[in-house]
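Read off the chains here:
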Amino acid sequence: MKKIRILLILSCLFLTFGCASVPTDPSEAAAYRETNDPLEPMNRKIFAFNMAADKYALRPIAKGYRAVTTDGFRLKVRTFLGNLKTPLTVINDVLQFNLKNAGIDLSRFVINSTLGFFGVYDVAGRMGLPSNSQGFGTTMAVWNIPSGPYLVLPFLGPSNVRDTAGIAADVFLDPFYYVARNNNNQDVKWSFWTADGVSAIATYENSIDLLDEGKKSALDFYAFMRSMYQQHRKKTIERAKGVQSSDKENSYEFSLDEEDDADE
Amino acid sequence: MKKRIFTFLYFIFFAFPAVAMEAVDAEKFARSLADDIITNVVQPKLTLQKKQEIFRKIFMKVINVKTNARFTLGRYAKTADPDQLKAYTDALADNIIYTWTDRFNGYAGGSLTKDAIIIKSSRRSENGDFYVTSEINLPDTENDIEMIWRISEKKGTLKLADLIVEGVSMLMSYRNEYTAILQQNGGNIAALTEMLKKKNEALKNPAKK
């Protein structure tokens, strides 16, 4: 529900701020298409909001969490919460027609939930079954559904239209959602949403250092984050599609003399 | 006959070394560069300024700074005059050196050892460059980090062209960010250079925590 409300707020913001205009110069228009950010004026405002939320709310919480825990403990928390999301990954593996990964991830869930002491230890990882996390955004990408424009979501950060829809769909694809919904015990419902809340803090704590490093050296942090997100997302999707690393599609095998023929 | 012997000798002495670079050489290049940085920049107990100095020497030797700087300007490189380009190139090199020394310093005395970086594979791309895939394995993290070294060959020597960490190319990131700035300021490279210089001052002498 929470996530749907965010989407509603987002669509209101969308109507308020509108779009950037398409440049008329051909090489500028090409650059405009490449960044895929027609909603930049709105996105920058949400980004500024997120930076304020980071400073006054998210960071103090994450730093507090960091202060009272050790690196090893936080890894166990992430492993435990990651394990709870593994059934959702298995469903997405199946939807991506990747039965091999579905088998691996299902085995991971069973092994870690039992031998791994309810998912606190990644025993399966040590047995050579690497962790893998899939959401419906990636599944849609595997189905060749285009990403749509780049979006910055309030609190959640960089995304795009397809992946935002994926976030909403994942709530309903997660088997634990139905376990919580159909259980009359309030404690079970309560723990489902608590896990999501703790998960948000744990994920945020884990990304603070990366954000700080970027902020330290970037001249335009917004553009820096957009580029990082888009490149990393492309890699995740290539991996899910099973594209071999020798494939020309690799985003990083560009020619270094590219600027010479950019505006032909 | 003489001519043919001459051609043969020419081939042996000149032509052969020019094609001698192989993926395995690129792997060795990446390995020795990683070891060099870990031994001389990451691990020793030195001041940040001293580390910056050491890393600068290592870095300037292994990269082709002019080509890289030009690339990061994208289509704006053509409009730059040589002086502007030179000033920008110097500021960019400083930015990379200070940024990375600061990151390496964060790992000082800790988990980033030679053993943490494992070279996995290498290949030559259609664009002529080598791509060496390595993994960085740090404790208390879930997954190994994939880092790919893009290595160019020019006249028989190897140069580091790019680093790609989990799909994110350093060169492309700089280019995307800086061309976004240039697009907003009407292609003013001098202004971008000034922004960089200001940033570099802060990176060079970071405030004590």
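Residues numbered from 1 in each chain as written. Chains lettered and ligands numbered in written order. Predicted model: local features only at pLDDT ≥ 70, side-chain atom pairs only at ≥ 80, totals over all residues. Heavy atoms only, no water.

## Description of the overall build of chain B
Counting its secondary structure elements, chain B contains seven helices and five strands. The linear arrangement of helices and strands in chain B, starting from the amino end, is α-α-α-α-α-β-β-β-β-β-α-α. When burial is assessed residue by residue, chain B has 45% of its 209 residues classed as buried. If you sum the accessible surface of chain B, you get close to 11100 Å²; carbon and sulfur atoms cover 59% of it. (Helix = DSSP H or I, 4+ residues; strand = E, 2+ residues; numbered from the N terminus. Buried < 20%, exposed > 50% of the residue type's maximum accessible area, 1.4 Å probe, protein only. Areas by Shrake-Rupley, 256 points an atom, 1.4 Å probe, with all protein chains shown as cover.)

## A look at the overall build of chain A
Along its length, chain A carries 12 helices and two strands. Every one of the 264 residues in chain A was classed for burial, and the buried ones make up 39%. Of all intrachain contacts in chain A linking residues separated by at least 6 positions in sequence, the fraction that spans at least 24 positions is 64%. Only carbon and sulfur atoms are counted for the fraction: they give 64% of the accessible area of chain A, which is about 14200 Å². (Contact = heavy atoms within 4.5 Å.)

## Notes on the interface of chain A and chain B
Counting residues at the interface gives 45 residues for chain A, matched by 48 residues for chain B. Carbon and sulfur atoms supply 49% of the area buried between chain A and chain B, which totals about 4000 Å² over both sides. Our count for the contact surface shared by chain A and chain B stands at 19 residue pairs in polar contact (both at pLDDT 80 or more). Contributing elements (two or more residues each) for the side of chain A that touches chain B: α2 (26-35), α3 (40-67), α4 (71-84), α11 (186-217) and α12 (221-241) of chain A. Ranked by residues supplied to the side of chain A that touches chain B, first place goes to α12(A) with nine residues. Residues of the side of chain A that touches chain B, tallied by class, amount to 12 nonpolar, 13 polar and 20 charged. (Buried area = accessible area lost by both parts, 1.4 Å probe. Polar contact = N/O pair within 3.5 Å; in protein donor to acceptor, adjacent residues only side chain to side chain. Nonpolar A, V, L, I, M, F, W, Y, C, P; charged D, E, K, R; others polar.)

## Describing unusual backbone geometry
Phi is positive for Asn36(A), which is not a glycine, with a value near 55 degrees. Examined against the element boundaries, Asn36(A) turns out to sit in the loop between α2 and α3.

## A closer look at the packing of aromatic side chains
For the structure shown, the criterion picks out 19 aromatic pairs over all chains. Between the aromatic rings of Phe47(A) and Tyr222(A), the centroid separation amounts to 5.4 Å while the plane-to-plane angle is 85 degrees, which identifies the pairing as edge-to-face. With Phe47(A) in helix α3 and Tyr222(A) in helix α12, the pair connects residues that are 175 residues apart, well separated along the chain. The two residues Phe47(A) and Tyr222(A) agree in class, both being buried. For the ring pair Tyr252(A) and Tyr131(B), a centre distance of 5.8 Å and an interplane angle of 40 degrees mean the geometry is tilted. (Phe/Tyr/Trp six-rings, centres within 6.5 Å; stacked < 30°, edge-to-face > 60°.)

## With respect to the sheet that holds strand β1 (residues 117-124) of chain B
All names here are of chain B. Pairing is antiparallel in the open sheet, where five strands are placed in the order β1-β2-β3-β4-β5. Each edge of the open sheet is held by one strand with a lone partner, namely β1 and β5 (168-169). Where strand β2 (residues 130-136) meets strand β3 (residues 145-154), seven bridges bridge the pair, whose relative direction is antiparallel. Paired with Thr133 across the two strands is Ile148, which belongs to β3. The strands that helix α2 (residues 23-42) touches are β1, β2, β3 and β4 (157-165); relative to β1, the one it contacts most, it runs at about 150 degrees. (Pairing = 2+ DSSP bridges. Axes fitted to C-alpha atoms, helices over the stretch in contact; angles between N-to-C directions.)

## So, the side chain of Thr79(A)
Following the sequence through the fold, Thr79(A) ends up in helix α4. Residue contacts for Thr79(A): discarding those within four places in its chain leaves Gly119(A), Val120(A), Tyr121(A) and Asp122(A).

## Quick word on the nonpolar core
Soluble globular proteins tend to pack their nonpolar side chains together in the buried interior. In this structure, Tyr88(B), Trp149(B), Ile151(B), Leu160(B) and Tyr178(B) are the most contacted members of the largest nonpolar core, which totals 53 residues. Residue contributions to this core peak at 10 residues, all from α2(B). Discounting chain neighbours no more than four positions away, the residues touching Trp149(B) are Ala30(B), Leu33(B), Ala34(B), Phe130(B), Tyr131(B), Val132(B), Ser134(B), Leu160(B), Asp162(B) and Leu163(B). Of all hydrophobic cores here, the second largest spans 18 residues; its members include Leu39(A), Phe47(A), Tyr222(A) and Met225(A). (Core = buried A, V, L, I, M, F, W, Y, C linked by side-chain atoms within 4.5 Å.)

## Examining the pairing of β1(B)
Residues and elements named next belong to chain B. Pairing analysis gives seven bridges linking β1 to β2, with the strands arranged antiparallel. Each residue of the ladder has a partner; that of Ser121, found in β2, is Thr133. Hairpin connection between β1 and β2: a loop of five residues separates the two successive antiparallel strands, and Gly128 in this loop has a positive phi of roughly 95 degrees.

## Observations concerning the confidence of the model for chain A
Residue and element names in this part refer to chain A. Overall, the predicted model of chain A reaches an average pLDDT of 84, with 86% of residues at or above 70. Across chain A, the element-wise mean pLDDT spans from 51 in helix α1 (residues 2-17) up to 96 in strand β1 (residues 150-153). Scored below 50 in pLDDT, residues 12-17 makes six contacts in the model with residues more than four places away or belonging to other chains. Contacts of residues 259-264 to residues separated by more than four positions or lying in other chains number 12 contacts, the stretch itself having pLDDT below 50. (pLDDT = per-residue confidence, 0-100.)

## Topic: the packing of helix α5 (residues 82-106) of chain B against helix α7 (residues 189-204) of chain B
Residue and element names in this part refer to chain B. With their axes 9 Å apart at the nearest point, α5 and α7 run at an angle of 25 degrees to one another. If you check the angle between α5 and α7, you find them roughly parallel. The interaxial crossing formed by α5 with α7 has left-handed handedness. Of the residues in α7, those in contact with Gln84, Ala87, Tyr88, Ala91, Leu92, Asp94, Asn95, Tyr98 and Thr99 of α5 are Ile189, Ala190, Leu192, Thr193, Leu196, Lys197, Lys199, Asn200, Leu203 and Lys204. Within the contact of α5 with α7, the residues separate by chemical class into 10 nonpolar, five polar and four charged. (Parallel < 35°, antiparallel > 145°, perpendicular 65-115°, else oblique. Left-handed = near helix turned anticlockwise from the far one by under 90°.)

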